[in-house]
Amino acid sequence: MSGGADSLPDFALWDRALRQAGQTLPCLVLNRGRFVANLALARSRAQPGIGLRVVAKSLAALPMLDLAVQQLGAVGVMTFSSAMLHSLLQARPTLEHLMGKPLPVGAAAGVLGQQAKAADQVIWLLDTVLRAQQYAELARSRGIRLRVAIELDVGLHRGGVEPAELAALVSQIQQLPELHLEGVVGYEPHLDKLPAPLRHRSKAAVEQALRGAAELLKQRAVSGGLEGNAPLVNTGGSLTFDRYGPAQGVSEVSLGSVLVKPQDFTRPATRGFQPAMFIATPILKYRASNPLPGLEGLSALLTWRRRANLAIYGGYWKGTPVYPQGYGYSAVFGRSSNQEVWAGPQLAVSPVDHFAFLHPSQSEAVIPEFGEILVLSEGRITETWPALSQLH
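Peer 1: Provide a residue-level description of the side chain of Ser330, including the pertinent values.
Peer 2: When you line up the elements, Ser330 lands in the loop between strand 13 (328–329) and strand 14 (341–344). With a relative accessible area of 5%, Ser330 lands in the buried category. Here Phe333 takes part through its backbone nitrogen, which lies 3.1 Å from a polar atom of the side chain of Ser330. The contacts of Ser330, once residues within four sequence positions are left out, are Val341, Trp342 and Ala343.

Peer 1: Can you break down the pairing of strand 14 residue by residue, with the values?
Peer 2: By the alternation rule, side chains of strand 14 split into Val341 and Ala343 and Trp342 and Gly344, which are all buried. Where strand 11 (residues 308–312) and strand 14 come together, 4 bridges link them in antiparallel fashion. Residue Asn309 lies in a different strand from strand 14, and its bridge partner there is Ala343.

Peer 1: Describe the environment of Pro282, with residues and values.
Peer 2: As for its position among the elements, Pro282 is in strand 10 (residues 277–287). Not counting residues up to four positions away in its chain, the partners in contact with Pro282 are Thr24, Leu25, Pro26, Ala311, Ile312, Tyr313, His354 and Phe355.

Peer 1: Quick rundown of a nonpolar patch on the surface? Include the residues and the values.
Peer 2: A cluster of nonpolar residues, Leu25, Leu284 and Tyr313, forms a patch on the protein surface that exposes about 250 Å² of accessible area. With respect to the helices and strands, Leu25 occurs in the loop between helix 1 (11–20) and strand 1 (27–31). Judged by its relative accessible area of 42%, Leu25 is partly exposed.

Peer 1: With reference to specific residues and values, describe the sheet that holds strand 3 (residues 76–79).
Peer 2: The 8 strands lie next to each other as 2-3-4-5-6-7-8-9, forming a closed barrel whose pairing is parallel. The sheet shows a mean angle of 30 degrees between the axes of neighbouring strands, taken without regard to direction. Pairing between strand 4 (residues 97–99) and strand 5 (residues 122–126): 2 bridges, direction parallel. Residue Leu98 lies in a different strand from strand 5, and its bridge partner there is Ile123. The strands touched by helix 8 (residues 166–174) are strand 5, strand 6 (146–151) and strand 7 (179–186); relative to strand 6, the strand with the most contacts, the crossing angle is about 165 degrees.

Peer 1: Provide a residue-level description of the nonpolar core, including the pertinent values.
Peer 2: Counting residues in each nonpolar core, the largest one holds 104 residues, and the members touching the most others are Phe35, Met64, Trp124, Leu179 and Leu259. Grouped together as the second largest cluster of nonpolar side chains are 12 residues, Leu18, Cys27, Phe278 and Ala280 included.

What counts and how
Residues numbered from 1 in each chain as written. Predicted model: local features only at pLDDT ≥ 70, side-chain atom pairs only at ≥ 80, totals over all residues. Heavy atoms only, no water. Helix = DSSP H or I, 4+ residues; strand = E, 2+ residues; numbered from the N terminus. Buried < 20%, exposed > 50% of the residue type's maximum accessible area, 1.4 Å probe, protein only. Polar contact = N/O pair within 3.5 Å; in protein donor to acceptor, adjacent residues only side chain to side chain. Contact = heavy atoms within 4.5 Å. Pairing = 2+ DSSP bridges. Patch = residues over 30% accessible without salt bridge, like charges linked within 9 Å, V, L, I, M, F, W, Y side chains within 5 Å. Areas by Shrake-Rupley, 256 points an atom, 1.4 Å probe, with all protein chains shown as cover. Salt bridge = Lys/Arg side-chain N within 4 Å of Asp/Glu carboxyl O. Axes fitted to C-alpha atoms, helices over the stretch in contact; angles between N-to-C directions. Core = buried A, V, L, I, M, F, W, Y, C linked by side-chain atoms within 4.5 Å.

Shape descriptors only; they carry no functional weight alone.
Structure representation (C-alpha cells):
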C-alpha cells in the first residue's frame, strides 16, 4: 500500500499477486486491509447513540457483508431486491432487513412463500395507502403480521410520502391490524451534491422532516397506536452517515459504498477512506505508436500520435483506468466490450500479459457483473468471495 489514506494502492504488487495466483481473466479485486481500515474509520465517525445499517447491495458478497456487520456492530442490513433478500434469509436467518425500496406486493409474497422467517426478520417499505392495503391483504391471507416502515420524502422527490401527509398515512396504517408500523426511512443523497447556497437550506429541511417524523411517531406510541421501543428513523448514506444522531431524531443511518470507496464516492465527505476495490484485466496488446486508421501517412506528421496504445481483455465496465499510470480511454477507438483500447505515455517495457486496473464508479453494479471477488491480503490472493444475486 502506498502513500496516504486517499492514495491508490501499489498496482505493481497487485499485478504480481494476480499472476502468481494464475489469474488470466478480468476480475474484481478487494484489498482486505483497506476494507478493514475503512470499517474502523466508519465506526469512529458515526455519532454516539446511532445505529449502523449496512447496505447489502453495495457489499454484495456474503463474507464481505458478514465482516462489515461484525466490525460495525450493525443493527442489520438494508436490502433492495427480493433475490438478495431470499439468499440472505436463507444464509443468515437472524439478520434483520430493512427494505430500501417498496417492493411490488407480489415480490413480497414470493419471498414470504419461500422464507417463513421473513415475517419476523423483514421491515417492508410502504409509500402509499394502496401499497399499505396490499401488504395488509397479503398478511391477512397468510395469517401473519408484517413489520413495515414508511418511505418519507425528505427532499429527494423520487417518491415517498411528503412530511405534511405523514400523519394521515400513519393513521391509516394504524387501522390495519395486520401491519406493525416501526418508523420511517428518509433518504437524502441529494444533499452532498447540491451547490452550497442550496445545500444549507435543504439540509435544514431534511432535519426538520426527520425530527418531525420522530416526534409524531413518539406521540402515537404514547397514545397506544404504536408498539415497541423508540421509533425507527433511518436516513443518511455513504456521503452523510456521520452527520446524524439522536439530536436530529434519527435512530440509525445506512452506509455501504464508502467502505470500498468507488469513484463516484471520491468526494470531500469521504476524505480519509481508501479505495479498496478495483477491476483488473489482462493487457493483450501494446503499441508504442499507432497510426490513425485510414490516415496512416498523416499520422507520421502528428507529434501527439507518439502516445502509446494498449488493448485490454474485455471492457466497457463502469470504471476509469488508473493503471498503467497516465492511461485513459482512446478517443480514436472509443469504448468496446471486447478489446478496449487505452491511450497513454510510451512505456519502457511492454505491459503485455500484465494487468491493467480500473477504479469502479460504483460497487453495486460491478460486483454482480463479475460474480466473485478476489481478496488480496499481505501481497497474496488469499480468498475468493462469490457474489450475492441482486436480480429482481
